[in-house]
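Fold and geometry: a report
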Amino acid sequence: EAGVVQSPRYKIIEKKQPVAFWCNPISGHNTLYWYRQNLGQGPELLIRYENEEAVDDSQLPKDRFSAERLKGVDSTLKIQPAELGDSAVYLCASSLDGTQREAKNIQYFGAGTRLSVL
Amino acid sequence: DQQVKQNSPSLSVQEGRISILNCDYTNSMFDYFLWYKKYPAEGPTFLISISSIKDKNEDGRFTVFLNKSAKHLSLHIVPSQPGDSAVYFCAASDWANNLFFGTGTRLTVIP
């Protein structure tokens, strides 16, 4: 079974440019998460989707970040315009939307997109 | 403020010995805890978890212990193997199933 797929793996852009990241979750997983991981830190949640609905976007900087999950499968995270401080690894994760707490909590991560803003 | 803390950035252990990784949390509402392992250039991989109603969970060479009164959990790996060398993240879950991660501990198992 394929895991969570993210692309691109690496992206280098100049500040003020736009950038987009794509994520394909594990088949059958209804919940999708975007995290940002700064150097030397753990992942921090940006947004969580239950199917097409963004149920928690409280940590998403909405002035420059946007996300969508059309048809409740693939998702795209966009930054426009990018700033130097946005350099980080952007991780996508997915989990089952089951009634079992354990199933819902186990999140499976993609390899991430490493963004460098120059 | 960091709600999940891993105070040891790194740990080195001889092959065959026990590795003990520690994690502390501040939010008493956390009720589910997980450990993830991360290799370079890969995403975190789920390793083992524990519910707050238990104090121990074991899976092969990996055991997680939870001390709720101290708000402390630990991961024991025995025996440690060179392939266990990775960064280990502790994570805690709140009522909404959001995960809060620690800053990670880099484990090096020396052959």
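The structure displayed is predicted, hence computed values, not measured ones.

Turning next to the layout of surface pockets. There is about 680 Å³ of room inside the largest pocket. Contributing to the lining of the largest pocket are 33 residues, with Gln37(A), Leu39(A), Gly40(A), Arg114(A) and Lys38(B) lying nearest its centre. At the level of elements, strand E9 (88-95) and strand E11 (113-117) of chain A together with strand E9 (86-93) and strand E11 (105-110) of chain B are the ones that each hand at least two residues to the lining of the largest pocket. Its residues placed into classes, the lining of the largest pocket shows 15 nonpolar, 13 polar and five charged. For the second largest pocket, the calculated volume is near 440 Å³. Residue lining of the second largest pocket: 18 residues in total, with Glu44(A), Leu45(A), Gln59(A), Leu99(B) and Phe100(B) positioned closest to the centre. By residue class, the composition of the lining of the second largest pocket is seven nonpolar, seven polar and four charged.

Residue and element names in this part refer to chain B. Summarising burial for strand E5 (residues 45-51): five of the seven residues are buried, a large majority. Bridge count between strand E4 (residues 32-38) and E5: six bridges; the pairing is antiparallel. Directly across from Lys37, in E5, lies its bridge partner Thr45. Linking E4 back to E5 in an antiparallel pair, the connection comprises six residues, with Ala41 at a positive phi of about 65 degrees.

This part takes up the pattern of salt bridges. Close approach of charged atoms lets side chains of opposite charge pair. Residue and element names in this part refer to chain A. Per the stated rule, a full pass over the model turns up six salt bridges over all chains. Here Glu50 ties to Arg48 by a salt bridge, and the two come within 3.6 Å at their closest N and O atoms. Each member of the salt-bridge network shares a partner with another, and the members are Arg36, Arg64, Glu83 and Asp86.

Okay, the nonpolar core next. Proteins that are soluble and globular tend to have nonpolar side chains buried together. Within the largest apolar cluster, 23 residues are counted, with the highest numbers of intra-cluster contacts made by Phe33(B), Trp35(B), Leu73(B), Leu75(B) and Tyr88(B). When residues of this core are traced back to their parent elements, those giving at least two are strand E3 (19-25), E4, E5, strand E7 (62-67), strand E8 (72-77), E9 and E11 of chain B. Of all the elements, E9(B) adds the most residues to this core, at four residues. Within the second largest apolar cluster, 21 residues are counted, among which are Val4(A), Ile13(A), Cys23(A) and Ile47(A).

The interface is formed by 23 residues belonging to chain B together with 22 residues belonging to chain A. Taking both partners together, chain B and chain A bury about 1700 Å²; carbon and sulfur atoms supply 49% of that area. Taken together, the connections running from chain B to chain A amount to zero salt bridges. Our enumeration of links across chain B and chain A arrives at four residue pairs in polar contact (both at pLDDT 80 or more). Elements with a contribution of two residues or more to the side of chain B that touches chain A: E4, E5, E9 and strand E10 (99-101) of chain B. Per-element tally for the side of chain B that touches chain A: the top contributor is E4(B), with four residues. Residue classes in the side of chain B that touches chain A are distributed as 11 nonpolar, eight polar and four charged.

The rules behind each value
Residues numbered from 1 in each chain as written. Chains lettered and ligands numbered in written order. Predicted model: local features only at pLDDT ≥ 70, side-chain atom pairs only at ≥ 80, totals over all residues. Heavy atoms only, no water. 1 Å grid on protein atoms, 1.4 Å probe; cavity = no way out; pocket = protein on both sides within 12 Å on 5 of 7 lines; lining within 4 Å. Points joined across faces, edges and corners; volume = space filled by probe spheres on them. Helix = DSSP H or I, 4+ residues; strand = E, 2+ residues; numbered from the N terminus. Nonpolar A, V, L, I, M, F, W, Y, C, P; charged D, E, K, R; others polar. Buried < 20%, exposed > 50% of the residue type's maximum accessible area, 1.4 Å probe, protein only. Pairing = 2+ DSSP bridges. Salt bridge = Lys/Arg side-chain N within 4 Å of Asp/Glu carboxyl O. Core = buried A, V, L, I, M, F, W, Y, C linked by side-chain atoms within 4.5 Å. Contact = heavy atoms within 4.5 Å. Buried area = accessible area lost by both parts, 1.4 Å probe. Polar contact = N/O pair within 3.5 Å; in protein donor to acceptor, adjacent residues only side chain to side chain.

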